[in-house]
Structure formats: structure tokens, C-alpha cells
Amino acid sequence: MIRSLYYAAGVPLRTDIPPHEFPKLIRNRRGLLWVDFSGEPPETCLPILTAFGFHPLAIEDALQQTHSPKLDDWGDYLYIALNYMAVAHNGSEWDTEIDELDIFLGKNYVVTHHDLSIPAVDETWNTCRRDPRILQDGADHLLYKIADKLIAAYMPAVETIDETIDQIEDQVFDRPSPQTLERLFALKRVLLAMRRILLPQREVMNKLARDDFQVIDPRDRIFFRDLYDHLVRLHDLNESLRDLVGGALDTYLSVINNRMNDIMKTLTIITTLFMPITFITGFFGMNFFEPVANLTGWTTRSIFTLTVLIMLFFPFGMYLWMRRRTWI
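Note that this is a predicted model, so its numbers are computed, not measured.

A. A look at the pairing of strand β4 (residues 70-73). Examined bridge by bridge, β4 and strand β5 (residues 77-90) share 4 bridges and lie antiparallel to one another. Residue pairing across strands places aspartate 73 opposite leucine 78, the latter belonging to β5. The turn joining β4 and β5, which pair antiparallel and follow one another in sequence, is formed by 3 residues; a positive phi near 90° is taken by glycine 75.

Written out as C-alpha cells, the structure reads:
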């Protein structure tokens, strides 16, 4: 889908403009053109982007290659690659969807290209259609609006991850299971993927806020500085959540080891308590004590009673002795 809108002071907002009019409209320095390519094949986008006068390498980056967030200064326009990350929690699994948003920023135009639908772009587009006054602040301010909604979309995912970590921490102490370990590693993968996006994206906003570009009004740098602060906060939250996941993982392993130690301790106690009984029954079960050996006294009632008493009280005595030694 190719959609476009054009704003000029005193003129009604135009939408769905034919591509052949784009070169003419960008020559009007008082207007603002926004062209958005969504899911279009490269062969469709290439002629239109070439008509804007973009460098072939910049067009190739936008249409064919996947990048981490970056910024290239081509003089009278900027090529900016940003990443969008959608995180959905489905029970014990996480669905992570990452898409690249390519932006060409000129003095009076913005060209965006993406393969999947990006809510931040759609929301900004609908806002501009409802209130065209947003476009009167210039192309760089429109870039700020898009990037602001793109960055704000990370917060619901961060909050969901934070709530999930709290649930997992409770589960670690109550009923740890292999599924708990799977959920922890899934969270770790999501946070790592988010970190790989936030770090370079933060540097892009830092450049927009501090470097001198022809297409960025110096008065608008403060807006990109605000976005940089948001990304710094998101990165700090990401690091904190990764620490929480690592702590929960360590706690899970400790709980499992302690539980295993308790099980082994219980089994050892049972074995130790029954060891003298096993010895006694084994000793008297040997075939040495036959009546022909004149040892018939071993089979009297008194010996039987004494043996039973020993078998009953010996484990109890050993239990008290182990309690006194604080082994149990």
C-alpha cells in the first residue's frame, strides 16, 4: 500500500496523491509531503524513491537490507533506520515481532517504508488527517511524532514483562517446575532482543539531538533529546528486568537444589534408621543357628521379645541421637 498526504498553509489537506506529482510538490518549500510505503515490493518502490533523488545506496538499504537502527547524513536529506518491536504474551510463550522502519527526512518531506503494519505510523497518520495543524511544524517535527509513538510502544511490553517476572518469582518459591525455567529463558530472550534494538536506537536519537543537520531545525533538537532520555530510561529498565530474570533464575536453581538436598536428606535418614533393623534381621536370618548346634536358646520366646524390642527402640534411639547432633 502506498499512501500520501500533502499539507500547505491555506490549502485543504490532500491525500492519495499520484506519485508523478511528488517531485513537483517537494519543490514547494512551504508545503510538507509524507509518503508511506507499507508492504510494497521493491520494484514498485524503486522508481518512486529514485524520483526523489535519493542515492542508490540509501535506496538499497531501505528496500533490500535489514539493519540495526542507524542514521546516514546525505546532505539535503537523512536516511534513518529504526526498529519496531511488538511483544505478545500467549500463556507461557512470547511472540516477538521485529520490523524495520526506514525513513527519508528532507526539508519539506518525509518518506517512510516498512514491510509490516506499524501502529506508531498508523496512529501518527490518522492524527495528521484529523488535525493537519500538526504538520505545520515541519518535517523534522513529524519525524519526532513518529519516533515518539514508536518508542512509547515499548512501555506496555516492559510493564507486561515486569508483571510476568513477579508471577514467576512467586511461582519459584511455591511450585517450581521445568515450565518455570522455560518461561525464564523465554523472558531472557525477549529482553536480549529488546536490548539489541534500544542501544543503537538511543544513539540515533542522540545524534539527532546533538549533531548539526541541514534538515533538522536547531529549535527542534530538544524534542529528540527528550526521546533520547526516554530510550535511556527504557534501557535502564531493560537492564533492571534482565537482572531480575537472572536473580529469579539463580533463585530457581537454589530452590531446586535445596529441595533435592531435602529429599536426599530424608532418604538418608530413612536408610539410617532401618540400617540396624536390617543388620539384626540379616544376622538372625543366617543358617548358623540350627538346633543341631545346641543353640536352641536363640529361638526362645524371650530372645524373640528382646529382638523385637531392639528392632523397635534402636531406630528411635538413633533418631534422638541425630536430633541431638542437629543433623535433622
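B. Focus on the nonpolar core. In terms of nonpolar packing, the biggest core is built from 64 residues, with Trp34, Leu78, Ile80, Ile161, Met205, Leu208 and Phe224 touching the most fellow members. Per-element tally for this core: the top contributor is helix α7 (residues 178-210), with 13 residues. Among residues more than four places away in sequence, those in contact with leucine 78 are Leu71, Asp72, Asp73, Ile103, Phe104, Leu105, Leu208, Phe213, Val215 and Ile216. Counting 24 residues, the second-largest nonpolar core is a separate cluster that includes Ala8, Phe22, Phe52 and Tyr109.

C. Expanded view of the sheet that holds strand β7 (residues 109-114). A sheet is described by the order of its strands in space; here 7 strands give the open sequence β2-β1-β3-β7-β6-β5-β4, paired in mixed fashion. Single-partner strands in this sheet number two, and they are β2 (11-15) and β4. The average angle at which neighbouring strand axes cross in this sheet is 15°, direction not considered. Relative to the sheet, helix α3 (residues 56-63) contacts β4, β5, β6 (93-106) and β7, its axis offset from that of β6 by approximately 160°. Seen against the sheet, α7 touches β4, β5 and β6 and runs at an angle of roughly 160° to β5.

D. Structural detail: the pairing of β6. Pairing analysis gives 14 bridges linking β5 to β6, with the strands arranged antiparallel. The residue bridging isoleucine 80 from the neighbouring strand is isoleucine 103, located in β6. By the bridge criterion, 4 bridges tie β6 to β7 in an arrangement that is antiparallel. Directly across from phenylalanine 104, in β7, lies its bridge partner valine 111.

E. Geometry of the packing of helix α5 (residues 139-152) against helix α6 (residues 154-174). Close contact between α5 and α6 brings their axes to 5 Å; oriented N to C, the two are set at 10°. Judged by the inter-axis angle, α5 sits roughly parallel to α6. Residue-level inspection shows Leu150, Ile151 and Ala152 of α5 in contact with α6, the latter providing Tyr154, Met155 and Pro156. Considering only residue class, the contact of α5 with α6 consists of 6 nonpolar, no polar and no charged.

F. Highlighting the packing of aromatic side chains. Tallied over the full model, the rule gives 12 aromatic pairs. Seen from their ring centres, tryptophan 74 and tyrosine 77 are 6.4 Å apart, and the 10° between their planes marks the pair as stacked. With a relative accessible area of 4%, tyrosine 77 lands in the buried category. With a centroid separation of 5.3 Å and an interplanar angle of 45°, the aromatic rings of tyrosine 79 and phenylalanine 104 are classed as tilted. On the criterion of sequence distance, the pair formed by tyrosine 79 in strand β5 and phenylalanine 104 in strand β6 is long-range, its members being 25 residues apart. Pairwise contacts between aromatic rings join Phe22, Phe52, Phe54, Trp74, Tyr77, Tyr79, Phe104 and Tyr109 into one cluster. Positioned above the aromatic ring of tryptophan 125 is the side chain of arginine 3, whose terminal nitrogen or guanidinium carbon lies 4.7 Å from the ring centre.

Calculation notes
- Residues numbered from 1 in each chain as written.
- Predicted model: local features only at pLDDT ≥ 70, side-chain atom pairs only at ≥ 80, totals over all residues.
- Heavy atoms only, no water.
- Pairing = 2+ DSSP bridges.
- Helix = DSSP H or I, 4+ residues; strand = E, 2+ residues; numbered from the N terminus.
- Core = buried A, V, L, I, M, F, W, Y, C linked by side-chain atoms within 4.5 Å.
- Buried < 20%, exposed > 50% of the residue type's maximum accessible area, 1.4 Å probe, protein only.
- Contact = heavy atoms within 4.5 Å.
- Axes fitted to C-alpha atoms, helices over the stretch in contact; angles between N-to-C directions.
- Parallel < 35°, antiparallel > 145°, perpendicular 65-115°, else oblique.
- Nonpolar A, V, L, I, M, F, W, Y, C, P; charged D, E, K, R; others polar.
- Phe/Tyr/Trp six-rings, centres within 6.5 Å; stacked < 30°, edge-to-face > 60°.
- Lys NZ or Arg CZ within 6 Å of the ring centre and 35° of its normal.

Nothing here speaks to function; it is all geometry.
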